[in-house]
Amino acid sequence: MIEHTAQAPQQVPSLIHPYIPQDKERSAAQTLHTCMKRYFTLLMAAVMTLTILVTGCGSKNQETGPRTDLNVAMDCDADSLAPWDATLSTTLITRTILFDPLCYYDAQTTTVSYYLAESYTESEDGLLYTFKLKDGVKFSDGSALTADDVVFTMEQYQASYDNGSYFTCIDKTVAVDNLTVEFHLKHAYAPFMINMNNFYVASRAAFDAMGADAYAKAPVGCGQYTLENWKTAVQLDFARNGQYYGTPAALEKLSLIVYADATARATALEAGDVDVASIDVASVRNLESIDTIEIKEAPTTKSCLVAMNISSDTFSDVKVRQAISCAIDKEYIVEATQRGYGTVSNEVYPESVFGYSDQIKGYSYDVEKAKSLLAEAGISTPCDMGTLTCNAGGAKVAEIVQQQLAQVGINLSIQTLETATFYDGVFNGTYDIAIIRTGFEPDASSYDVMFTEEGLGNLNYSQYVNPEIQSMLNEAMSTVDTEARAELYRQAMELAEQDAIYVPLYEYPDLWAQNIGLSGEYRLNSVIEFGRFSWN
């Protein structure tokens, strides 16, 4: 059994001696008397002034000490406040405000930060995880957290359309006693602890009393805050939770304010209407020039790539796909579209994902090689290869890819679609070639759907299935040894690279801008705990 336990002057102005003029017309005595009188008067005035300054400064410090409120500009409203329903950016952040997880597992450092749990153990065979809960934890309504609440919450997650896939490996969840809960797995599942980062515990009693709909609008959790007000599509307001088991939040009030337009969010930050804003690359240049604002990068697993539909006659030939891979200048795309906030990708897994290997080199930009591969495929150029599809977020990249492919004789028209329509077509394979912006969990197993039969009709964008790759990915998912897992993913991605299924372009961070003087951590994939921010 492997056991893991928890780590968790005021300056006073100096007096300047007053200059006392001498009157040559007067006697020495008169002069001395007058000077002494003036000196005494000025000295008393100075003392009174000093007293006022000292008192005033103390008062001012109390009035303008660290702020206890924070206003954050978000790109969308929440859809539901139930933790198992979280998908949208605002809902994911709201989840960290109202609820706490058992723990947070850092995939890159393999360290664990404990919240509701004080420790956990895992069996040698990887089939049993046992968590010990902290004693004395209360929900925001004053009721005690128990293992039964953990069991209830896992039941809700497993039944969730949006988040259930994280926990399909769990056979059953058992409350051993009030403070001990066991997760019994169907099979060894290496990314279990990473997936538990998405598990935030809710109150069974409150859910049963309120009902699902009411709970999703005003839930009871163990987080640092409670919901004070939710004005749909406008603003969510939170107040500090007086029942919180840990260190009280530095902020008394926290608001998430909806600005759907990126320019509007940047403008609100400049005007002082908000203190933090999610921004796009186009807003960076102006905000960088403002002394009172700083840009923050939240690391992500997000990337941009070109997907080719291999079920179509045009892209079924591997040499055509390899030619397209060689014809795209990734460096130029990053420079033209990301303004320094992006890194060229050579494989599907971003660097922040376990399974990434720097041994996967990708295809170098080589126009002549691209032309040669097209000739080997029997393609006479120039030729029309259909439509390059994208949504608004990929439009600029699509324009550049169109221009670069035209240089090797491949002509494409561009179709920009509304996001839902775009992904519906991509998922179902009703497209030719597309610009995809995607991102998963920081473990390669979450990317399996891009290469397997299970992903068809969903996230297998290229409609590609290779039994050899699928076998490697299945083995990796149940392999506990990290080195062996990493090697399996490297081998699988080498095969995918040879088949040129995707053209990885670049990976990119989430961008935030904030007032200077604000402290807080911008975690992977913008799972940001704004409730733990504070003013200096």
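Preceding this paragraph is the structure being described.
Summarised in this report is the structure supplied together with it. The structure presented is a predicted model; accordingly, all values stated were derived computationally and were not measured. (Residues numbered from 1 in each chain as written. Predicted model: local features only at pLDDT ≥ 70, side-chain atom pairs only at ≥ 80, totals over all residues. Heavy atoms only, no water.)

So, the pattern of salt bridges
Our working definition: For this analysis, a salt bridge means a side-chain nitrogen from Lys or Arg found within 4 Å of a carboxyl oxygen belonging to Asp or Glu. Only protein chains enter the accessibility calculation, which uses a 1.4 Å probe; a residue whose area is less than 20% of its type maximum is buried, one above 50% is exposed, and one in between is partly exposed.
Summed over the entire model, instances satisfying the criterion amount to 17 salt bridges. With its nearest N and O atoms 3.3 Å apart, the salt bridge here joins Glu 529 to Arg 532. Owing to a relative accessible area of 10%, Glu 529 belongs among the buried residues under this scheme. On the accessibility criterion, Arg 532 (33% relative accessible area) is partly exposed. Look at the salt bridges and you will find they share partners, linking Asp 100, Glu 521, Arg 523, Glu 529 and Arg 532 into a network.

Regarding the sheet that holds strand 17 (residues 410-416)
In a beta sheet, neighbouring strands are held together by backbone hydrogen bonds and run either parallel or antiparallel to one another. Inclusion rule: Two strands pair under a simple rule: DSSP has to find at least two bridges between them. Secondary structure elements are defined from DSSP: runs of H or I of at least 4 residues count as helices, runs of E of at least 2 residues count as strands, and each element is numbered from the N terminus. Residue contacts are defined here by distance: any two heavy atoms, one from each residue, within 4.5 Å place the two residues in contact. Axis lines are fitted through C-alpha atoms, for helices just across the contact stretch, and the angle between N-to-C directions can take any value from 0 to 180 degrees.
Strand order across the open sheet formed by 6 strands is 15-19-14-18-16-17, with mixed pairing between neighbours. Among the strands making up the open sheet, the edge pair consists of strand 15 (343-344) and strand 17. Most of the contacts of helix 13 (residues 419-427) go to strand 18 (residues 433-439), to which it runs at about 105 degrees, and overall it touches strand 16 (383-390) and strand 18.

Here we look at the side chain of Arg 265
Short version of the rule: The convention is simple: Lys and Arg are positive, Asp and Glu are negative, and His and the chain ends are not counted. Any N or O atom pair separated by 3.5 Å or less is treated as a polar contact, with the protein-specific requirement of one donor-capable and one acceptor-capable atom, and with residues adjacent in sequence counted only for side-chain atom pairs.
Its place among the elements puts Arg 265 in helix 7 (residues 262-271). One buried charged residue, Arg 265, forms no salt bridge at all, with the nearest opposite charge on Asp 75 at 5.3 Å. Of the polar contacts made by the side chain of Arg 265, one reaches the backbone oxygen of Ala 260; its length is 3.3 Å. Not counting chain neighbours up to four residues away, the residues in contact with Arg 265 comprise Ala 73, Met 74, Asp 75, Tyr 259, Ala 260, Val 274, Ala 277 and Ser 278.

Comments concerning the sheet that holds strand 2 (residues 69-74)
Reading across from one edge, 9-10-11-2-12-20-13 is the order of the 7 strands in this open sheet, with mixed pairing throughout. Each edge of the open sheet carries a strand with a single partner, namely strand 9 (225-231) and strand 13 (293-298). Each strand of the sheet is rotated relative to its neighbour by a mean of 20 degrees, with strand direction disregarded. Relative to strand 20 (residues 510-515), strand 13 is paired through 6 bridges, and the arrangement is antiparallel. Within strand 20, the position partnered with Glu 297 by the bridge is Leu 511.

Examining helix 3 (residues 147-158)
Just so we agree on the cut-off: Expected span of a helix: the number of residues minus one, times 1.5 Å.
For helix 3, which comprises 12 residues, the first-to-last C-alpha distance of 17 Å matches the rise-based estimate of 16 Å (1.5 Å per residue) to within 8%. Along helix 3, the positions that sit buried rather than exposed are Ala 147, Asp 149, Val 150, Val 151, Phe 152, Thr 153, Met 154 and Tyr 157. Elements that come into contact with the buried residues of helix 3 comprise helix 2 (89-98), strand 6 (128-133), strand 7 (170-177), strand 8 (180-185) and helix 5 (204-210).

Description of the pairing of strand 2
In the sheet, strand 2 pairs with strand 11 (residues 253-258) via 6 bridges, with the strands oriented parallel. Note on strand 11: the bridge partner recorded for Met 74 is Val 258. Pairing between strand 2 and strand 12 (residues 276-279): 2 bridges, direction parallel. Its bridge partner being in strand 12, Val 72 is matched across the sheet by Val 276.

Some remarks on the side chain of Glu 347
With respect to the helices, strands and loops of the structure, Glu 347 is situated in the loop between strand 15 and helix 11 (367-376). Despite its burial, Glu 347 remains without a salt bridge, the nearest opposite charge being carried by Arg 490 at 9.2 Å. Within the local environment of Glu 347, its side chain forms a polar contact with the backbone nitrogen of Ser 357, the two atoms lying 2.7 Å apart. Here Glu 347 is in contact with Gly 355, Tyr 356, Ser 357, Ile 360, Met 493 and Pro 504, once residues within four sequence places are set aside.

Quick word on the packing of helix 10 (residues 330-338) against helix 12 (residues 395-406)
What counts here: Should the near helix be turned counterclockwise from the far one by less than a right angle, the crossing is left-handed, whereas a clockwise turn marks it as right-handed. Put simply, Ala, Val, Leu, Ile, Met, Phe, Trp, Tyr, Cys and Pro go in the nonpolar bin, Asp, Glu, Lys and Arg in the charged bin, and everything else, Gly too, in the polar bin.
Where helix 10 meets helix 12, the axes come as close as 10 Å, and the angle between the chain directions of the two elements is 145 degrees. Crossing handedness for the pair helix 10 and helix 12: right-handed. In this structure, helix 10 uses Tyr 332, Ile 333, Ala 336 and Thr 337 to contact helix 12, whose residues at the interface are Lys 396, Val 397, Ile 400, Val 401 and Gln 404. Of the residues belonging to the contact of helix 10 with helix 12, the class tally is 6 nonpolar, 2 polar and 1 charged.

As for unusual backbone geometry
The amide bond that connects Thr 381 to the next residue, Pro 382, takes the cis arrangement and shows omega of 0 degrees. Within the secondary structure, Pro 382 is located in the loop between helix 11 and strand 16.

As for the packing of aromatic side chains
Rules: In this analysis, rings of Phe, Tyr and Trp, with Trp reduced to its six-membered ring, are considered paired at centre separations within 6.5 Å, and the interplanar angle assigns stacked below 30 degrees, edge-to-face beyond 60, and tilted for intermediate values.
Counting across every chain of the model gives 31 aromatic pairs. On the basis of an interplanar angle of 55 degrees and a centroid distance of 5.9 Å, the ring pair of Phe 183 and Phe 192 is categorised as tilted. The same class applies to Phe 183 as to Phe 192, namely buried. Pairing Phe 427 with Tyr 461 gives two aromatic rings, centres 6.4 Å apart and planes at 25 degrees, and the pair type is stacked. Here the residue Phe 427 occupies a position in helix 13, and Tyr 461 occupies one in the loop between strand 18 and helix 14 (467-477), the gap between them amounting to 34 residues. A relative accessible area of 21% means that Phe 427 is categorised as partly exposed. Assessed through its relative accessible area of 2%, Tyr 461 is described here as buried.

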